[in-house]
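# Remarks on the overall topology
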Amino acid sequence: MSNRVIFPVIVIVAYNRPKSLKRLLNSIEQAEYPEGVHLIISLEGEASNVVVKLAHEYEPSAITVSVLQRPVRLGLKQHIIMCGDLALEYGAVIILEDDLIVDKYFYQYSVASLKHYEQHDSVAGISLYAPEYNEYAGLPFTPMKNGYSTYPIQMPCSSGQCWSAKHWLGFKRWYKLSTHCTVEETKGLPAAVKAWPESSWKKYYAAYLLQYNLVFINPYQSYTSNCSDPGGMHIPRGSHLHQVDIAHQKRPEPSFDFCPLGKAEVAYDAFYEPCGEMVYRLLGLDRNEVDIDILATKPKEILLNKYILTSRRVINPRKSYPMSFRPIEHNLSYPHSESRGGKLSLVRRKGAELEEGFSYSFDDYSYYFGADLKSTSMFWALVKGAPKLLFARVKYYFQ
C-alpha cells in the first residue's frame, strides 16, 4: 500500500438555492481540516444573484476559497462532470451538491479512504454518505455490520462523493464512448436507474460500475446528509427520504478501519441486494449457482442461475427462511425460527413459477419499517392523510 497522502479539493455545486448553500457553507466552516485545503464553489450558468453573492462573500478561516462561475447553463449532469474533471487537476475531488450538510470529520474520512483504497483497481469512488433507503424497492436499507468502517456496493453515490484522478480518468474514458444505448444495454442495471432522465450523471456511472465490475466504498457512519430541498433538478418538491443519521459533532475524532476487498464478507449489488461471501456460505452454494432476489425487484430475465433466493411467493421451495431478523440476510443464520411475516425461499430456477407483479403485504412492510401497520392509530393516520396527499398530487400535476 502506498504511503502517499492525497488532499482532495472540495467542490460545491450550486445554482439557485441560497438557503441550502448557506447551510452547507456553515457546516463546512465547522469541520476540521489539515493545512492548505482548497474549496471551489462552482456556480452554474445563470445562478441566482443571491447565490453568487453568498459564494463571493464566503471567507472561512481554515480553508482557502475560490469561485468558479460557469459562463453558460450546463445542466446538472454536465456541471457534475466538469466538476469531476477537477480531480485530474488537483489529484482528487470531493463533490458536494448544495442541499447537503457535512459531518465535522468528512475531510479526514475522505483523505484516509483515498489513501487506503488507492491501489485497489476495483474501487471507482468513495461515498461520504451512508444510505438508509433503497429507492428501487421503496424500503429502508440497513447494511449488515462487518466490523469495519466501510463496505463495498455496486452503485455510485450522489450525496457527497470523492473521486481520485485515477477513479475519474477510468470513468471519463468510458463515458466519452458511451451513449444512452450503452446504459440501456447494461446487464444487471435496475430498470428504475435506466428510467432516470438524461440529466442524471449517476445512471451513467452506475452502468460503468457494472460493465467493469467495479464498486463504490460506502461508510457505515455517514459523513454527509442529503436534505433534498425543494428546487432540485430531480426532486423538485423536496423530500425527507434521503436524510440520514449524522453523529454528534463534539465527539472525539474517529479512527477508520477499512474493509478488505476481494472476497468481502459483506457487500451489495446494484439492487442493494446482499452479495458478500457470508450469504453464499450460509446457503451452502457457490455464487455462480444462485441469484439473490430477496427484495423481489430484479426482472426475471436476469435470474438465470440454478437457484434463486427470493421473497416472491413460490411453490415447493428447496428451503425456506423466516423474515424475523434484521438486516434481512441475518435470517439465513436462523432457518428454523418462527416467522412473523413473510419468508425467503430458495427455489430451483428450472420450473419455478415466480410470482408476477409482486407486491409487499402489511406484514412485509411492518417487518421492513419496524412498525405495526395494522394498528388503529396507523389506520386513522392513513385515513386522515389520504385526502391531503391526493390534493397535493393533483395540484402538482395541474399547476
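Going by the structure above, here's the rest.
Before going into details, it helps to say that this report is about the structure given with it. (Residues numbered from 1 in each chain as written. Predicted model: local features only at pLDDT ≥ 70, side-chain atom pairs only at ≥ 80, totals over all residues. Heavy atoms only, no water.)

### Focus: the packing of aromatic side chains
Where we set the bar: Any two rings among Phe, Tyr and Trp, with Trp reduced to its six-membered ring, count as a pair given centres within 6.5 Å; such a pair is stacked if its planes are under 30 degrees apart, edge-to-face if over 60, and tilted if neither. Secondary structure elements are defined from DSSP: runs of H or I of at least 4 residues count as helices, runs of E of at least 2 residues count as strands, and each element is numbered from the N terminus. Exposure classes here rest on a 1.4 Å probe applied to the protein chains alone. A residue is buried below 20% of its type maximum, exposed above 50%, and partly exposed in between.
Evaluation of the coordinates by the stated rule reveals 32 aromatic pairs. Both rings, one in Tyr151 and one in Tyr220, keep their centres 4.9 Å apart while their planes meet at 55°; by these two values the pair is tilted. A residue pair is termed long-range when its members are at least 10 positions apart, and Tyr151 in strand β9 (residues 150–153) and Tyr220 in the loop between β11 (215–219) and β12 (224–226) qualify at 69 residues. For Tyr151, a relative accessible area of 0% corresponds to the buried category.

### Concerning the layout of surface pockets
Using the following cut-off: Method remark: on a 1 Å grid restricted to protein atoms, a set of points is classed as a cavity if a 1.4 Å probe fits but cannot get out and as a pocket if it is open with protein on both sides within 12 Å along at least five of seven lines; lining residues have an atom within 4 Å of a point. Grid points are joined across faces, edges and corners, and a volume is the space filled by probe spheres set on the points. In the scheme used here, Gly and all other residues not listed as nonpolar or charged are polar, with Ala, Val, Leu, Ile, Met, Phe, Trp, Tyr, Cys and Pro taken as nonpolar and Asp, Glu, Lys and Arg as charged.
Size it by volume and the second largest pocket reaches roughly 910 Å³. Along the walls of the second largest pocket sit 32 residues, with Gln154, Asn213, Asp269, Cys275 and Arg287 positioned nearest its centre. Breaking the lining of the second largest pocket down by element, the ones donating at least two residues are β9, α10 (277–283) and β13 (290–293). Considering each element in turn, the lining of the second largest pocket owes the most residues, 3 residues, to β13. Considering only residue class, the lining of the second largest pocket consists of 17 nonpolar, 8 polar and 7 charged.

### Some points on the nonpolar core
Buried together is how nonpolar side chains tend to be arranged in soluble globular proteins. For the record, the criterion: What makes a nonpolar core is a set of buried Ala, Val, Leu, Ile, Met, Phe, Trp, Tyr and Cys residues whose side-chain atoms join them at distances within 4.5 Å. The criterion used for residue contact is that any of the two residues' heavy atoms lie within 4.5 Å.
By size, the foremost hydrophobic cluster in this structure holds 72 residues, and its most contacted members are Trp163, Tyr205, Leu283, Val290 and Leu309. Ranked by the residues each element gives to this core, the list is headed by helix α9 (residues 201–211), at 8 residues. The contacts of Tyr205, once residues within four sequence positions are left out, are Ala124, Pro156, Trp163, His167, Trp168, Phe171 and Phe216. With 41 residues, the next largest nonpolar core counts Ile10, Leu96, Val102 and Leu114 among its residues.

### Overview of the sheet that holds β11
To keep things clear, this is the line we draw: Any two strands between which DSSP finds at least two bridges are classified as paired. The convention used is that axes are lines fitted to C-alpha atoms, helices contributing only their stretch in contact, and that angles between N-to-C directions extend from 0 to 180 degrees.
Spatially, β3-β2-β1-β4-β10-β6-β11-β9 is the arrangement adopted by the 8 strands of the open sheet, whose pairing is mixed. Looking along the sheet, the strands with just one partner apiece sit at the ends: β3 (64–69) and β9. Along the sheet, successive strands turn relative to each other by an average axial angle of 25°, direction set aside. Two elements, strand β1 (residues 9–14) and strand β2 (residues 38–43), share 5 bridges in a ladder whose sense is parallel. When the bridges of β2 are listed, Ala14 appears paired with Leu43. Sitting on the sheet, helix α1 (residues 18–29) touches β1, β2 and β4 (92–97), and the angle it makes with β1 is about 165°.

### A word on the environment of Pro317
Mapping Pro317 onto the fold places it in the loop between β14 (307–310) and β15 (319–322). In the structure, Pro317 is positioned 35 residues away from Ala352 in sequence and 8.9 Å away in space, judged by C-alpha atoms. Beyond its immediate chain neighbours, meaning those up to four positions away, Pro317 contacts Ser345 and Leu346.

### Here we look at the packing of helix α6 (residues 165–175) against α9
Helix packing for two helices is described by the angle between their axes and how far apart those axes are. Selection criterion: Orientation labels follow simple angle bins: below 35 degrees gives roughly parallel, above 145 gives roughly antiparallel, 65 to 115 gives roughly perpendicular, and whatever is left gives oblique.
Contact pair α6 / α9: the axes reach a minimum separation of 10 Å and the direction vectors enclose 100°. By the angle between their axes, α6 is roughly perpendicular relative to α9. Note on element contacts: α9 touches α6 through Tyr204, Tyr205, Ala207, Tyr208 and Gln211, opposite His167, Trp168, Gly170, Phe171, Trp174 and Tyr175. Grouping the amino acids of the contact of α6 with α9 by side-chain chemistry returns 8 nonpolar, 3 polar and no charged.

### Observations concerning the pattern of salt bridges
Cut-off, in case you're wondering: Basic side-chain nitrogens of Lys or Arg form a salt bridge, by our definition, when they fall within 4 Å of a carboxyl oxygen of Asp or Glu.
Counted under the stated rule, the structure contains 16 salt bridges. We note a salt bridge from Arg17 to Asp99, for which the minimum N-O separation is 3.6 Å. Taken together, the residues Arg17 in the loop between β1 and α1 and Asp99 in the loop between β4 and β5 (100–102) connect sequence positions 82 residues apart. The same class applies to Arg17 as to Asp99, namely buried.

### Some details on unusual backbone geometry
That bond from Arg326 to Pro327 is cis: its omega, 0°, falls within 30 degrees of zero. Tracing the backbone shows Pro327 in the loop between β15 and β16 (343–348). Even without being a glycine, Glu46 presents a positive backbone phi close to 70°. Topologically, Glu46 is positioned in the loop between β2 and α2 (49–57). Judged by relative accessible area, which is 62%, Glu46 ranks as exposed. One non-glycine residue with positive phi stands out, namely Asn316, at about 55°.

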